[in-house]
Amino acid sequence: MDLNRKVTVKARNKAVSEILDEVFARTGISYVMEGKNIVLTKESNIAREEVKQQNTITVKGVVTDMQGEAIIGANILQQGTTNGTITDIDGNFTLEVPTDAQLAVSYIGYKKVIIPVNGKTNFTIKMEDDALKLETVVVTAMGIKKKEASLTYSTQQLNGDELNKVKDANMINSLAGKSAGVQITKSSSGLGGSAKVSIRGARSAFASGNNQPLYVIDGVPMLNITTESTATVMGGENDGVNHDSGDGISNLNPDDIESMSILKGASAAALYGSQAANGVILITTRSGKQGKTKVDYNGYLSWESVGKTFDLVSNYADYMELINEGFSNSNLPTKYSDDAIKLWRANEGKDALKYPNTSLMDELFKTSLSNNHSVSISGGSDKVKFYTSFGFLHSPGVMDNSGYKKTQARVNLDIDVTSWLKVGTNINGYVSFTEQGTNKMEDVFTYAAATSPGMVFRAPDGRLGSVNNDQDDAQNAANNPIYRLYNTAGDIQERYVKSRFYGTLTPFKGFTLTGSFNYMHRNKTDDSQPVFLEQWNFLNDVVASTGIGKTHIMNSDYKWNDYLMDVTAVSYTHLRAHETRHDL
């Protein structure tokens, strides 16, 4: 008892007991009046505990996700105490708590739920996915989610938002720098072309070897298709340049990706066999959620340019002197006369059409404006959920006649027919157009390396240039890189469709059987025709090369069709999941 405590009470015509109630309120001290004596006592902790126990009730309930699936092992805790329990295999729990307690329900990957008891004894609790915490759970083979810490092999999961921070026509290029041990190398086939991906280094030193990982999209393995181009040690024959047949992933719209898991260990590829010897990249696309229909738009505009260029000799008089010096050092007659060098020196900065000092990098590369637009519509009820998207990409390229356009669409549909049967489909496709200059890039750089700064690549009126100095090699007339870009007309068209139809049976709790039929069709058409362009000697204002030749039309048509049927059985116990897969 605090004997130094001072209390001031103002009272008139009140009973002594009322005044004592005010004095000892909230102090834990009780009193008893015995005649003229007042006996003070400290309230017993045991007495308070007895009162508390009289207010305790037993609460029961079930914890599920938003789709009604039981959550096993969810934590149920009396808020502010250590009194708690976890849910069983059916999501049920039982706990004794005070009538005025609050229940804190939590589970990894779900938002925490706080529920006041208020004397109720039965609860049905639904937990909502927490996208911010899903990074601690990874999608493994067969689409099963497991805690990252429980895995015996190296893996990493990225969500779709991380991949969308940097946009690229091939979304796999956005993975660069985001996962340790993963190396991304763009091919020379231009925008939208395949990329070479290696996980923890190359495993095959042979040109015919394949160092690419296996891509699995929504449970469907995307086999790498052999190309008709020159093989490379980094990617093997499966990574093309001239006739790029794809890398199994360049067809995806990055806005459609929910998550990506990179499985790096050998044991991670056990269910996919030798095709996954180089690692596995698992991709899960977005699906509809129960609730109101949702419309999302994602778009961007970007300026594209070459980040770094070579500092080449662009002064033609200096160029001629350096060439002469090289010939002299080789004990050969010099190539350019002193009069020609003096003529160019005297006319520097006067008539750029007659006496050019052309900068190869400035003339060959340009800055262009790219744009990408994506619209998605998603939603559903407790039985039917849908996700559909439409995308458009246009990039003019950083060189003339090297643009790329792509229009793509996706439909994901999930239907709960009964409590034990679920069916659905995933369909996506695109149509793309690539300008013929993309196929000439290697050709352009080969000839550009042999050109001279004494050539006008293209005049302001659109005419293409040849050499202005007759002392240049006649072959230099063909070394105009702009001429190389435009001497072929036509385009490269590609049409792609991938579909998956599946059904999942749940005959009893903890066991699922999924069967699916998958079909992929890809058609690539290359239409080209030579264009005969005039080239001018602007110093003498005459045609140096006439636009005459024998024409022809070439049509190359490549088609691939893949069929895949698979059956996956998954059984869950309280501790782990067992998977079995059979592909046909």
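For the structure, see preceding data.
Computed from a predicted structure; not experimentally measured. (Residues numbered from 1 in each chain as written. Predicted model: local features only at pLDDT ≥ 70, side-chain atom pairs only at ≥ 80, totals over all residues. Heavy atoms only, no water.)

A. Summary view of the overall build of the protein. Looking only at helices and strands, one finds eight helices and 30 strands in the protein. A buried classification covers 42% of the 584 residues belonging to the protein. Restricting to contacts in the protein with at least 6 residues of sequence separation, those with at least 24 account for 62%. Here the protein has roughly 31000 Å² of accessible surface; of this, 53% comes from carbon and sulfur atoms. (Helix = DSSP H or I, 4+ residues; strand = E, 2+ residues; numbered from the N terminus. Buried < 20%, exposed > 50% of the residue type's maximum accessible area, 1.4 Å probe, protein only. Contact = heavy atoms within 4.5 Å. Areas by Shrake-Rupley, 256 points an atom, 1.4 Å probe, with all protein chains shown as cover.)

B. Representation of the nonpolar core in the model. Ranked by internal contacts, the top residues of the largest apolar core, which has 25 residues, are Met171, Ile172, Leu175, Met260, Ile281 and Ile283. Of all the secondary structure elements, the ones that give two or more residues to this core are strand 13 (182-186), strand 14 (195-199), strand 15 (214-217), strand 16 (220-222), strand 17 (257-263) and strand 18 (280-285). Counting residues in hydrophobic clusters, the runner-up holds 19 residues, among them Ile57, Val59, Ala74 and Met127. (Core = buried A, V, L, I, M, F, W, Y, C linked by side-chain atoms within 4.5 Å.)

C. Just helix 7 (residues 441-448), in detail. When we look at burial in helix 7, the residues that qualify are Met441, Val444 and Ala448. Down the axis of helix 7, the smallest arc covering the buried residues is 60 degrees, so these residues share one side. The outward face of helix 7, more than 90 degrees from its buried face, is lined by the exposed residues Glu442 and Thr446. On its buried face, helix 7 sits against helix 6 (360-364) and helix 8 (481-486). (Arc of directions from axis to C-beta.)

D. Local environment of helix 4 (residues 316-329). Over its 14 residues, helix 4 extends 20 Å from the first C-alpha to the last, a length consistent with the 20 Å expected when each residue adds 1.5 Å. For helix 4, the set of buried residues is Tyr316, Ala317, Tyr319, Met320 and Asn324. Taken end-on, helix 4 shows its buried residues confined to a sector of 160 degrees, consistent with a single buried face. Structurally, helix 4 contributes buried residues whose contacts are with helix 5 (338-346). Put simply, Asn315 is the residue that caps the front of helix 4, since its side-chain oxygen is 3.1 Å from the backbone nitrogen of Ala317. Looking one or two residues past helix 4, Asn331 carries a phi angle of roughly 60 degrees, positive in sign. (Expected span 1.5 Å × (residues − 1). Polar contact = N/O pair within 3.5 Å; in protein donor to acceptor, adjacent residues only side chain to side chain.)

E. Just the pattern of salt bridges, in detail. Evaluated as defined, the whole model comprises 15 salt bridges. Where Arg410 meets Asp256, a salt bridge forms, and the shortest distance between an N and an O atom there is 3.5 Å. With Arg410 in strand 22 (residues 404-416) and Asp256 in the loop between strand 16 and strand 17, this residue pair connects regions lying 154 residues apart in the sequence. Taking the shortest distance from any N to any O, the salt bridge between Arg522 and Glu494 comes out at 2.3 Å. Of this pair, Arg522 sits in strand 26 (residues 511-530) while Glu494 sits in strand 25 (residues 488-508), placing them 28 residues apart in sequence. (Salt bridge = Lys/Arg side-chain N within 4 Å of Asp/Glu carboxyl O.)

F. Main features of unusual backbone geometry. At Asn331, a residue that is not glycine, the phi angle is positive and equals roughly 60 degrees. Its identity as a non-glycine residue notwithstanding, Asp541 has a phi of 55 degrees, on the positive side. Counting through the fold element by element, Asp541 comes out in the loop between strand 27 (535-537) and strand 28 (542-545).

G. Quick peek at the packing of aromatic side chains. In this structure the tally under the stated criterion is 10 aromatic pairs. Relative to Phe445, the ring of Phe365 lies with its centre 6.2 Å away and its plane at 35 degrees, an arrangement referred to as tilted. In this pair, Phe365 sits in the loop between helix 6 and strand 20 (368-380) while Phe445 sits in helix 7, placing the two residues 80 residues apart along the sequence. Residue Phe445 is classed as partly exposed on the basis of its relative accessible area, which comes to 41%. Site record: aromatic cluster; members linked through ring pairs are Tyr316, Tyr319, Tyr336, Trp344 and Tyr355. For Lys406, the ring lying beneath its charged end belongs to Tyr430, and the centroid distance is 5.2 Å. The cationic tip of Arg484 hangs over the ring face of Tyr447; the distance from NZ or CZ to the ring centre is 3.9 Å. (Phe/Tyr/Trp six-rings, centres within 6.5 Å; stacked < 30°, edge-to-face > 60°. Lys NZ or Arg CZ within 6 Å of the ring centre and 35° of its normal.)

H. Fine view of the packing of helix 4 against helix 5. The N-to-C vectors of helix 4 and helix 5 enclose an angle of 160 degrees; their axes lie 8 Å apart at closest approach. By the angle between their axes, helix 4 is roughly antiparallel relative to helix 5. Judged by the twist between their axes, the crossing of helix 4 over helix 5 is left-handed. Mapping the contact onto sequence places Tyr316, Ala317, Asp318, Met320, Glu321 and Asn324 in helix 4 and Ala340, Ile341, Trp344 and Arg345 in helix 5. Looking at side-chain class alone, the contact of helix 4 with helix 5 contains six nonpolar, one polar and three charged residues. (Axes fitted to C-alpha atoms, helices over the stretch in contact; angles between N-to-C directions. Parallel < 35°, antiparallel > 145°, perpendicular 65-115°, else oblique. Left-handed = near helix turned anticlockwise from the far one by under 90°. Nonpolar A, V, L, I, M, F, W, Y, C, P; charged D, E, K, R; others polar.)

I. Spatial organisation of a nonpolar patch on the surface. There is a patch of nonpolar side chains on the surface, built from Val411, Ile427, Val497, Phe501, Phe517, Tyr563 and Met565 and spanning about 620 Å² of accessible area. When residues of the nonpolar patch are traced back to their parent elements, those giving at least two are strand 25 and strand 29 (554-572). Note on placement: Phe517 falls in strand 26. (Patch = residues over 30% accessible without salt bridge, like charges linked within 9 Å, V, L, I, M, F, W, Y side chains within 5 Å.)

J. Spatial organisation of the sheet that holds strand 24 (residues 464-465). Strand order in the open sheet formed by three strands is 24-27-28, with mixed pairing between adjacent strands. One side of each edge strand has no neighbouring strand; the edge strands of this open sheet are strand 24 and strand 28. (Pairing = 2+ DSSP bridges.)

K. Highlighting the pairing of strand 9 (residues 122-127). Burial along strand 9 is one-sided: Phe123, Ile125 and Met127 are buried, and none of Asn122, Thr124 and Lys126, which face the opposite way, are. Judged from the six bridges that link them, strand 3 (residues 56-65) and strand 9 form a sheet pairing that is parallel. Considered in strand 9, the bridge of Thr64 is made with Lys126.

L. Seen up close, the sheet that holds strand 9. Ordered in space as 6-3-9, the three strands form an open sheet in which the pairing is mixed. The two strands at the open ends of the sheet, each matched to only one other strand, are strand 6 (92-98) and strand 9. Averaged over all pairs of adjacent strands, the angle between strand axes in this sheet comes to 35 degrees, irrespective of strand direction.

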